[in-house]
Amino acid sequence: MTVLFVGGAYQGKAALAKRLYPALPLVQNLHALVRDELAAGRDPMALLDGLRGHVITCDEVGCGVVPMDRADEAYREAVGRLCCALAEEADAVVRVIAGVPQWIKGEKPCM
């Protein structure tokens, strides 16, 4: 099972993910992993295979003013593309706002 949690920074994604899916390995801050991959000159889409079977958290980075710096624009684009690919394959996609989950795709687990 693969589950993607998205939302703004510091909205409680990781805490919620741990509580709802304690048996699955957690990958936090996908957006930071993407930045690291780009800095190393690697394609972040290569992370996709290794993320299957995990619960993943990712900050939304595509909202707001378009960056003037080309590298920041490429970073936001890479995060978006990877999240789209993950969302397509994921069993569940959850948006978290102020600690409240909104299921975009999939079923809420029994608690």
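Just so it is clear, the structure is predicted and the values come from calculations on it, not from any experiment. (Residues numbered from 1 in each chain as written. Predicted model: local features only at pLDDT ≥ 70, side-chain atom pairs only at ≥ 80, totals over all residues. Heavy atoms only, no water.)

Enquirer: Is there a simple way to think about the overall build of the protein chain in this case?
Expert: Helix and strand counts for the protein chain come out as 4 helices and 5 strands. The order of helices and strands in the protein chain, counted from the N terminus, is β-α-β-α-α-β-α-β-β. For 111 residues, the compact-globule estimate of 2.2 N^0.38 gives 13 Å, and the protein chain sits close to it at 14 Å. Seen through its principal axes, the protein chain has C-alpha atoms that stretch 45 × 30 × 20 Å. Taken over 111 residues, the protein chain has a buried fraction of 38%. Of all intrachain contacts in the protein chain linking residues separated by at least 6 positions in sequence, the fraction that spans at least 24 positions is 67%. Total accessible area on the protein chain is roughly 6,500 Å²; 56% of this is exposed by carbon and sulfur atoms. Side chains of the protein chain carry 12 positive and 14 negative charges; the gap between the two charge centres is 6 Å. (Helix = DSSP H or I, 4+ residues; strand = E, 2+ residues; numbered from the N terminus. Rg over C-alpha atoms; globule rule 2.2 N^0.38 Å. Buried < 20%, exposed > 50% of the residue type's maximum accessible area, 1.4 Å probe, protein only. Contact = heavy atoms within 4.5 Å. Areas by Shrake-Rupley, 256 points an atom, 1.4 Å probe, with all protein chains shown as cover. Lys, Arg positive; Asp, Glu negative; His and termini not counted. Charge placed at Lys NZ, Arg CZ, Asp CG, Glu CD.)

Enquirer: It is not clear to me how the environment of Ala9 should be interpreted in this structure. Could you clarify?
Expert: The topology assignment puts Ala9 in the loop between strand S1 (3-7) and helix H1 (13-20). Sequence spacing of Ala9 and Val61 is 52 residues, and the spatial spacing of their C-alpha atoms is 9.0 Å.

Enquirer: Looking at this structure, I do not really get the pairing of S1. What am I missing?
Expert: Regular strands place their side chains on alternate faces of the sheet. Within S1, 5 of the 5 residues are buried, which leaves it mostly tucked inside the rest of the structure. Both faces of S1 are covered, namely the face carrying Val3, Phe5 and Gly7 and the face carrying Leu4 and Val6. Across 5 bridges, the pairing between S1 and strand S3 (residues 55-59) is parallel. When the sheet's bridge partners are listed, Gly7 is paired in S3 with Asp59. Pairing between S1 and strand S4 (residues 92-97): 5 bridges, direction parallel. Note on S4: the bridge partner recorded for Val3 is Ala92. (Pairing = 2+ DSSP bridges.)

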